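So the chains spell out like this:
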Amino acid sequence: MNSTRRAFLGTALGAAAVAGLGTVPASATGAGRCRRIPPSAIGMHLYTMRTPLATDFRGTLERLAEIGYATVGVSGRHGNSAADIRRMLDGTRLKAVLEHVGYDIVRGPGLPQALEDIHTLGGKWIVVPSLPGSLHSPAGYREVAREFNKAGLAARESGLKLLYHNHGTDHQVVDGVSLYDILLAETDPELVGFELDLYWAANGGASAPGELFVRHPRRFPALHVKDMAPDGDFADVGSGVLDFPAMFDTARQGGVKQWLVEHDSPADPFASALASYTYLSRLRY
């Protein structure tokens with residue numbers, strides 16, 4: 001990570017702390033807490049595992065299943081078809097719940113095939129992972145909201161739902177307007193939901209995820225559970241500074257169904273996967 005990025009993350013971490021996001025995590029088995037994440041809801045976003053997937057897709061899935069993961073979010077097929085991946089998933093008893101699909105595909109003629117592929121994978125959500133930088137303005141995000149409503153209607157007619165995955169820049173205020181708030185306000189809740197990346201929400205200085213869940217109930221069926229190191233870098237879930245018990249306290253109001261682990265740059269993907277799963281499986285909130 002270059003020095004400019006580290007400086008940016010360090011600043012963002014300070015802002016997150018002020019917002020109540022950057023606190024030392026409570027113990028995974030904290031006294032007085034009784035709720036837990038259902039084992040069937042703990043998943044792995046496969047971007048974390050992209051290096052081993054590139055050489056042994058099936059073997060990587062097998063190891064995730066052995067750790068205890070129940071579900072995956074697909075992000076990159078590494079030369080496999082949707083049908084190939086579904087066969088491998090079925091062989092390891094993992095279930096795909098979503099796939100990341102580029103914005104240009106979702107708003108273009110490739111959408112019907114993308115929806116069909118998600119049905120083949122066995123998922124229920126089609127997720128736009130990011131937006132082009134050219135749309136980074138209030139007018140651009142209003143255009144995106146209109147496109148999402150159209151694509152969301154097509155997804156619903158196919159029996160699926162469209163979600164959007166945030167990054168830090170989505171939470172910026174431009175010309176006095178929060179870009180993320182535009183998407184929340186101008187998309188139809190029946191057609192468009194959100195896969196909330198907890199790290200990037202904190203990094204971007206957004207409202208605490210728990211507050212988003214209350215203000216926008218049932219709009220967040222999936223989470224990217226990603227932790228933040230003290231220096232603002234990425235961390236295994238439970239080893240960083242984000243207070244996940246506090247975030248999850250209102251998860252039910254937010255409509256959360258899936259907790260998908262992610263680490264953007266793990267030194268050892270399998271060690272990271274194990275540490276993150278262990279934390280989430282023991283967490284009480």
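Thresholds applied
Residues take numbers from 1 onward in each chain, read along the sequence in its written order. The model is predicted, so local features are restricted to residues of pLDDT at least 70 and side-chain atom pairs to those at 80 or more, both for listing and for counting; the totals for chains, interfaces and linings are taken over all residues. Side-chain descriptors were evaluated using all non-hydrogen atoms of the structure, hydrogens and water having been removed beforehand. Residue exposure (1.4 Å probe, protein chains only): buried if accessible area is under 20% of the type maximum, exposed if over 50%, otherwise partly exposed. Helix numbering and strand numbering both begin at the N terminus, where a helix is a DSSP run of H or I of at least 4 residues and a strand a DSSP run of E of at least 2. Think of it this way: DSSP has to see at least two bridges between two strands before they count as a pair. Pairs of N or O atoms within 3.5 Å make up the polar contacts considered here, provided that, within protein, one atom can donate a hydrogen while the other can accept it, and that residues adjacent in sequence are counted only when both atoms are side-chain atoms. Residues are treated as being in contact if the distance between any of their heavy atoms lies within 4.5 Å. Note on geometry: axes are C-alpha line fits, over the in-contact stretch for helices, and angles between N-to-C directions span 0 to 180 degrees. Any angle from 65 to 115 degrees is called roughly perpendicular, while one under 35 is roughly parallel, one over 145 is roughly antiparallel, and all others are oblique. Note: crossing handedness is left-handed where the near helix turns anticlockwise from the far helix by less than a right angle, and right-handed where it turns clockwise. The directions considered for the arc are those from the helix axis to the C-beta atoms. In predicted models, pLDDT denotes the confidence assigned by the predictor to each residue on a 0 to 100 scale. The term salt bridge refers to a pairing of a side-chain nitrogen on Lys or Arg with a carboxyl oxygen on Asp or Glu at a separation within 4 Å.

The name an unreviewed UniProt entry assigns to the chain is Sugar phosphate isomerase/epimerase, from the organism Streptomyces sp. 900116325.

**Q** Help me out: how do you make sense of the pairing of strand β1 (residues 42-45) in this one?
**A** The side chains of a regular strand alternate, first on one face of the sheet and then on the other. Burial along β1 is two-sided: Ile42 and Met44 facing one way and Gly43 and His45 facing the other are all buried. Of the strand pairs in this sheet, β1 and strand β12 (residues 258-261) are connected by 3 bridges, and their pairing is parallel. Residue pairing in the sheet places Gly43 in a bridge with Leu260 of β12.

**Q** How should the side chain of Glu99 be read in this particular structure?
**A** Topologically, Glu99 is positioned in strand β3 (residues 95-100). A polar contact of 2.8 Å, which involves the side chain of Glu99, links it to the side chain of Arg77. Sequence-distant contacts of Glu99, that is, excluding residues within four places in its chain, are made with Val74, Arg77, Asp117, Ile118, Leu121, Trp125, Ile126 and Val127.

**Q** Mind showing me how you'd approach the packing of helix α4 (residues 82-92) against helix α6 (residues 111-121) here?
**A** Helix-helix packing is characterised by the crossing angle of the two axes and by the distance between the axes. Between α4 and α6, the shortest axis-to-axis distance is 8 Å and the interhelical angle comes to 20 degrees. On the basis of the axis angle, α4 is roughly parallel to α6. Handedness of the crossing formed by α4 with α6: right-handed. Contacts between α4 and α6 involve Ala82, Ala83, Ile85, Arg86 and Leu89 from the former and Asp117, His119, Thr120 and Leu121 from the latter.

**Q** Explanation requested: the sheet that holds strand β2 (residues 71-74) in the structure shown.
**A** Within a sheet, neighbouring strands are paired by backbone hydrogen bonds and run either parallel or antiparallel to one another. Overall, parallel pairing links the 8 strands, which are arranged β1-β2-β3-β4-β5-β8-β9-β12 in a closed barrel. Strand-to-strand twist in this sheet, taken as the mean axis angle between neighbours without regard to direction, amounts to 30 degrees. Both strand β4 (residues 125-128) and strand β5 (residues 161-165) contribute to a ladder of 4 bridges, which runs parallel. Considered in β5, the bridge of Ile126 is made with Leu162.

**Q** Would you explain unusual backbone geometry in this entry?
**A** With the exception of glycine, most residues fall at negative phi, and the peptide bonds are largely trans. Residue His78 is not a glycine yet carries a positive backbone phi of 55 degrees. Residue position: His78 is located in the loop between β2 and α4.

**Q** Any chance you could explain α4 here in plain terms?
**A** Working note: α-helix, 3.6 residues per turn, so residues spaced by three or four point in the same direction. When we look at burial in α4, the residues that qualify are Ala82, Ile85, Met88, Leu89 and Thr92. For α4, the angular spread of the buried residues around the axis is 125 degrees, confining them to a single face. Arg93 sits one or two residues past α4 and shows a positive phi near 65 degrees.

**Q** How should the confidence of the model for the chain be read in this particular structure?
**A** Confidence in the prediction of the chain, expressed as mean pLDDT, is 91, and 88% of residues score 70 or more. For the chain, the element scoring lowest by mean pLDDT is helix α1 (residues 3-18), at 37; β4 scores highest, at 99. The low-confidence segment residues 1-26, where pLDDT is below 50, has 51 contacts with residues more than four positions distant or belonging to other chains.

**Q** I would appreciate a short explanation of the pattern of salt bridges in the present structure.
**A** Oppositely charged side chains can pair when the atoms bearing their charge come close. Within the structure shown, the criterion is met by 13 salt bridges. A salt bridge links Glu147 to Lys150, with the nearest nitrogen and oxygen atoms 3.7 Å apart. Taken together, the positions of Glu147 and Lys150, both in helix α7 (residues 138-157) and 3 residues apart, correspond to about one turn of that helix. Note on Lys150: relative accessible area 53%, which makes it exposed. Across the salt bridge formed by Glu262 and Lys226, the nearest N and O atoms sit 3.1 Å from each other. Within this pair, whereas Glu262 is found in the loop between β12 and α13 (269-282), its partner Lys226 is found in the loop between β9 (222-225) and β10 (227-228), the two being separated by 36 residues in sequence. The buried category is assigned to Glu262, whose relative accessible area is 5%. Because the salt bridges share partners, they merge into one network encompassing Asp197, Lys226, Glu262 and Asp264.

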